[in-house]
Structure formats: C-alpha cells, structure tokens
Amino acid sequence: MRRKLVVANWKMHGSLAQNQQLLDSFKAHLANLKHVDVAICVPYPYLQQAQSTLSGTPIAWGAQNVGKYPVGAYTGEVAASMLKDFGATYVILGHSERSTAYCESAENVAAKFVTAKNAGLTPVLCVGETLQEREAGVMEHVVSEQLDPIIALHGAGIFKNAVISYEPIWAIGTGLSATPEQAQSMHEFIREKIARLDPEAAMSVRIIYGGSVNPLNASKLAAMQDIDGGLIGRCSLNADEFEQICFAAENAAIKH
Ligand code: 13P
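Residues numbered from 1 in each chain as written. Predicted model: local features only at pLDDT ≥ 70, side-chain atom pairs only at ≥ 80, totals over all residues. Heavy atoms only, no water.

1. What about the sheet that holds strand β8 (residues 229-232)?
In spatial order, the strands read β1-β2-β3-β4-β5-β6-β7-β8; together these 8 strands close into a barrel with parallel pairing. Averaged over all pairs of adjacent strands, the angle between their axes in this sheet comes to 25°, without regard to strand direction. (Pairing = 2+ DSSP bridges. Helix = DSSP H or I, 4+ residues; strand = E, 2+ residues; numbered from the N terminus. Axes fitted to C-alpha atoms, helices over the stretch in contact; angles between N-to-C directions.)

The following block contains the structure:
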C-alpha cells in the first residue's frame, strides 16, 4: 500500500527566523507520525537550515525547482547534485506558478523530471487545468498532455516511486479547493492512464492533491481512494494548520 505524503511548498516565503520557528514546531509535533511521510520544500538558500534542523528526524526536505542539466555553464541554475549535497530528497517540478510566470514548458519540465530521478531525488510533478479548461470539460485532456512529454522521453515506468501532484490552477491560493470527488476523479484518471502503460508504476506512484488544502477539508480529501496526500501552500506557513493537515492524513491512513 502507498504511504500518504504531505509536502509543504513554502514558495518564495520565509526568513531564517520564521523558518526556524516552523521547522522547530514540525520537529516537535510531527516526528511521531507512523503512516505519513512529510517533506518541507524550501527556497534554495534555506536548504542548509532545513538540513541542520531536520537531520535525524523522519521529516524530509527538498526544493521547488532544479536545473535540467547535471552540471555546466548555466547561470542562475541549481543542479540536482547540489540539492543532494544538502540532503534534499524531494523536488517540486512544473508548478503552474513557474509555467505562467516563467514560461516553463512541459518539455522542460520533462527533462528536469528525468534529471531529478537520475540523481536519486523524488520529483513531485505538478499538473492541473485552468478554470476555463475545466468549464470546457477538457481537464483530463489537459492533464494527460502534461504527462505525455515525460512518458515520451522515458516511458511510464519513470513514475515508479515518483509523486504527481494534481493542482487545479483555479484552486491554488484561492480558498476554493476542488471537492474530494473532483480530485478523486482526476487522480483515478491519472492512475489509469499510467496503468495502461505500466501497472507497477501506477500502483507505486503517489498522487497527491494541492490547491487550498486546509485543516477543514484535509480529512475528506485524504479519505479518497486515490488521494495519497497533499501539497500544501499557504497553510504550510502556519505550524498549527500544517500539523493539523498532517494528522488528518495520518488518521485517514489508519482508517484505510
Ligand atoms: P495553496 O495551498 O496556497 O492553495 O497552494 C497550493 C500550491 O500551490 C501548492 O504547491
């Protein structure tokens, strides 16, 4: 059975002092979770702080992007091996805030996905549709097309032990989460698509949900069959709210 996973995406927030308060609280309150993996994805400069605070605890850490090449003359980029140097295990890729604000293409994300996987990082691939696409009923087609470049590059087997985060763009930062049924339906679609190509990868890939997850909706989302956890933005910057979400996932895992 897949373990639940809750990932914090701090985005471009934080300072050494604020981070320390959050990380100390997570360390104090989340170390005893039995059925949930927790990872904190921080801005690059704070990887060392995450490493020094979280080493020796079950809480993992990671980054929010990675360079697509292993090494070289790529000003401003950060290599997967550098993330590994700071003990990172996860890396968020293809977040819609990067595709809209930095024109990141699905092909670029696919290359980064393979680079991350080859370096031994666990990629957290974000996919999701806009409100217009959902209203037009083409959300599955859109998400499918976001997965295709990765499958074309490396086959569906690359999703084995990876993480996909379904993040409908209309739900991110809006307070308007997808309903558990809407999310479940898309998660099932994604898993079935991968299963047609590689059943083993489909069984092991963790498909988590992101978009206005909060302590009030986390339990119902986590209770759905194909929702393996959450990718949390705003509420990951509040220790109490993030911890409640992690416990909601823990309780859902116990009930499953
Ligand atoms: P919010 O939880 O703030 O909606 O952000 C979701 C997200 O973008 C996580 O990657």
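Still more ground to cover, so stick around.
2. Thoughts on the site of the ligand
Around the ligand, the neighbouring residues are Asn9, Lys11, His95, Glu167, Ala171, Ile172, Gly173, Gly211, Ser212, Leu231, Gly233 and Arg234. With respect to the ligand, the backbone of glycine 173 contributes an N or O atom lying 2.7 Å from an oxygen atom. Contact distances for the ligand include 3.0 Å between an oxygen atom and a backbone N or O atom of glycine 233. Taking 300 Å² as the accessible area of the ligand by itself, protein coverage stands at 96%. Split by residue class, the shell around the ligand holds 3 nonpolar, 6 polar and 3 charged. (Near = heavy atom within 4 Å. Polar contact = N/O pair within 3.5 Å; in protein donor to acceptor, adjacent residues only side chain to side chain. Areas by Shrake-Rupley, 256 points an atom, 1.4 Å probe, with all protein chains shown as cover. Nonpolar A, V, L, I, M, F, W, Y, C, P; charged D, E, K, R; others polar.)

3. Examining the pairing of strand β5 (residues 122-127)
Buried residues dominate β5, accounting for 6 of its 6 residues. Side chains Thr122, Val124 and Cys126 project from β5 onto one buried face, and the interleaved Pro123, Leu125 and Val127 project onto a second face that is buried too. Two elements, strand β4 (residues 90-93) and β5, share 4 bridges in a ladder whose sense is parallel. Each residue of the ladder has a partner; that of isoleucine 92, found in β5, is valine 124. Examined bridge by bridge, β5 and strand β6 (residues 163-166) share 4 bridges and lie parallel to one another. Directly across from cysteine 126, in β6, lies its bridge partner serine 165. (Buried < 20%, exposed > 50% of the residue type's maximum accessible area, 1.4 Å probe, protein only.)

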